[in-house]
Amino acid sequence: MGAKEFTLMVNRKPPEIIAPAEPTPHELKPLSDIDDQQGLRFLVPVIHFDPANSNMTGQDPVGVIREAISKALVYYYPLAGRLRQVADGNKLVVECTGEGALFIEADADATLNEFGELHPPFIGIENLLVPNSYCGTIDCLVVFIQVTRLKCGGFIFSSCVNHTMCDGLGMFQFFMAVSELARGFEAPTLLPMLERHIFNARKQPRVTHAHPEYEGDTIISPFSEDIDMVKRTFVFKRDDIAALRSNLPPHLHNCSTLDILLSCIWRSRTIAVFPDDDDEVRMIYAVSVRNRFNPQIPQGYYGNAFAMCSAIARAGNLSRKPLHYAIELVKEIKHAITEDYMKSLADFMVTRGRPQLMLSNAFVVSDNTRIEFQQVDFGWGKATYAGLAMARLGPLEGICSPCIGSNNEKGESRILIPMCLPSKAMKIFTKELKKLLVFP
């Protein structure tokens, strides 16, 4: 059920800094050569909607979470520092100052039910996240948190974390540590691995693979600033995915759900934004490499462990050929990401000055379906919704969509894909999507 429109009123208290509960080392820790690329220098907003719990009557989520953050920062003390840029080729380091995370306590005049079905875009999201005026990237703190009490006894936990410090799984790992300490654990179940050398360039860099994601024009949005943009989340249930799969040739019936969905979205979006047939369009896909190293990346690693790779096609081919054409392109790029590819990418970053992503005629997607943010339990039970708060790539909207795994109120799994497109393009996109969601 959709939410009735209402104006969300939030009363924020002045921000405070939550320091680690114990003294921590004051030192400089270099980020990896994958972490500090230009394309990751932005904040990632994550939000949790937690319902009331009668067993927690008299407990204040603000106080419980504030204390747990302080304890968690003892283990994750780099997250209590500040990012610094050094002269060596635009390199980033984190100065472990022991300052802490910025924290805001707030109260809202709404109940959880008033938000309706929970997925982006959220009503009043700008009031539920730490205001932009307090946030930054270089020479700033790296973690920004707001906890907002609701009239019903529930609360909303939101965070903005600098992407150079953590990927999605790394953020989840930190939140899990906070939630365990909030529930009385003596220490986090999974301790963090603080070193980042795994993804550093070789002493003698050698670029052995092509990295077209970083070559060409950088930030070019296909949409003018004054155009009316529409935000909508598309919900894919089991039957929708079965319909998409039923239209594929036999050799693709066993391909992954994500490959099918990403190809479906990329193809429909390309038709909707109507580039010239001869234009080169690309889908830039964040591929996790945590299981592609030998030996594997240690479980406690919370830095960025993924590669951005591109599926490339002519717009006319992508628009007119069957869906399985796009799926084959997506499958091909995923299989190309190996340990040697990651070493080449780190070498490329160092030798090319850590360039931006090439975003001209690009659509950026990320897989968050395996990051179980809903498992984060601060003591009030699992969240009704937990995941990314919006679909954007830093300041850019309309060129990025995450795939979010979520369960509805019945516990049924589904995949949410937020989209942001001009009004006319959104209508075309929706029409094209419906054509594919039909059983033969």
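Residues numbered from 1 in each chain as written. Predicted model: local features only at pLDDT ≥ 70, side-chain atom pairs only at ≥ 80, totals over all residues. Heavy atoms only, no water.

Further remarks concern the sheet that holds strand β5 (residues 82–85). Within the open sheet, the 3 strands sit side by side as β3-β6-β5. Their pairing is antiparallel. The open sheet has two edge strands, β3 (28–30) and β5, and neither has a second partner. For this sheet the average axis-to-axis angle between neighbouring strands, irrespective of direction, equals 35 degrees. Sheet topology places β3 next to strand β6 (residues 92–95); 3 bridges connect them, and they run antiparallel. Residue pairing across strands places L28 opposite E95, the latter belonging to β6. (Pairing = 2+ DSSP bridges. Helix = DSSP H or I, 4+ residues; strand = E, 2+ residues; numbered from the N terminus. Axes fitted to C-alpha atoms, helices over the stretch in contact; angles between N-to-C directions.)

Burial within strand β11 (residues 280–288) is extensive, with 7 of its 9 residues counted as buried. Across 9 bridges, β11 lies against strand β12 (residues 306–314) in antiparallel orientation. Within the sheet, the bridge partner assigned to Y285 lies in β12 and is C309. Inspection of the sheet shows β11 paired to strand β13 (residues 362–368) by 5 bridges, in the parallel sense. (Buried < 20%, exposed > 50% of the residue type's maximum accessible area, 1.4 Å probe, protein only.)

We now examine the packing of aromatic side chains. Considering all chains together, one arrives at 17 aromatic pairs under this definition. Each ring, one from F49 and one from F115, has its centre 5.4 Å from the other, and the planes form 65 degrees; the classification is edge-to-face. On the criterion of sequence distance, the pair formed by F49 in strand β4 (residues 43–50) and F115 in the loop between β7 (101–108) and α2 (125–128) is long-range, its members being 66 residues apart. The exposure class assigned to F49 is buried, which follows from its relative accessible area of 0%. With a centroid separation of 5.8 Å and an interplanar angle of 80 degrees, the aromatic rings of F157 and F175 are classed as edge-to-face. Here the residue F157 occupies a position in strand β9 (residues 155–162), and F175 occupies one in helix α3 (residues 168–182), the gap between them amounting to 18 residues. F175 gets classed as buried once you look at its relative accessible area, which sits at 1%. Here a set of aromatic residues connected by ring pairs shows up, and it is made of Y76, F155, F157, F172, F174, F175, Y302, F373, F378 and W380. (Phe/Tyr/Trp six-rings, centres within 6.5 Å; stacked < 30°, edge-to-face > 60°.)

Looking at the protein chain, pLDDT values average 90 and 95% of them are 70 or higher. The weakest mean pLDDT in the protein chain belongs to strand β15 (residues 400–407) at 87; the strongest belongs to helix α1 (residues 61–75) at 98. (pLDDT = per-residue confidence, 0-100.)

All right, on to the pattern of salt bridges then. When their charged atoms lie close together, side chains carrying opposite charge are able to pair. Scanning the model with the defined rule gives 28 salt bridges in all. Here K91 makes a salt bridge to D33, at a shortest N to O gap of 2.9 Å. In this pair, K91 sits in the loop between β5 and β6 while D33 sits in the loop between β3 and β4, placing the two residues 58 residues apart along the sequence. Accessibility assignment for this pair places K91 and D33 in one class, buried. Of the charged contacts in the structure, one is a salt bridge between K334 and D259, with a shortest N-O distance of 2.9 Å. (Salt bridge = Lys/Arg side-chain N within 4 Å of Asp/Glu carboxyl O.)

Okay, the packing of α1 against α3 next. The geometry of α1 relative to α3 is characterised by a closest axis approach of 8 Å and an angle of 120 degrees between their N-to-C directions. Viewed along their axes, α1 and α3 adopt a mutual orientation that is oblique. Along this stretch, α1 crosses α3, giving a crossing that reads as right-handed. Counted together, V64, A68, I69, K71, A72 and L73 of α1 and F174, V178, L181 and A182 of α3 form the full contact between these two elements. Its residues placed into classes, the contact of α1 with α3 shows 9 nonpolar, no polar and 1 charged. (Parallel < 35°, antiparallel > 145°, perpendicular 65-115°, else oblique. Left-handed = near helix turned anticlockwise from the far one by under 90°. Contact = heavy atoms within 4.5 Å. Nonpolar A, V, L, I, M, F, W, Y, C, P; charged D, E, K, R; others polar.)

It is worth spelling out the pairing of strand β16 (residues 413–422) at this point. Here β16 lies mainly inside the structure; 9 of its 10 residues are buried. In this sheet, β16 lies alongside strand β10 (residues 229–236) in antiparallel orientation, the contact comprising 8 bridges. Each bridged residue has a counterpart across the sheet, and for R232 the counterpart in β16 is M419. Summarising the sheet, β15 and β16 pair through 4 bridges and their orientation is antiparallel. Counterpart to I404 in the pairing with β16 is L416. A loop of 5 residues connects β15 with β16, the two strands running antiparallel in sequence, and G411 in this loop sits at a positive phi of about 85 degrees.

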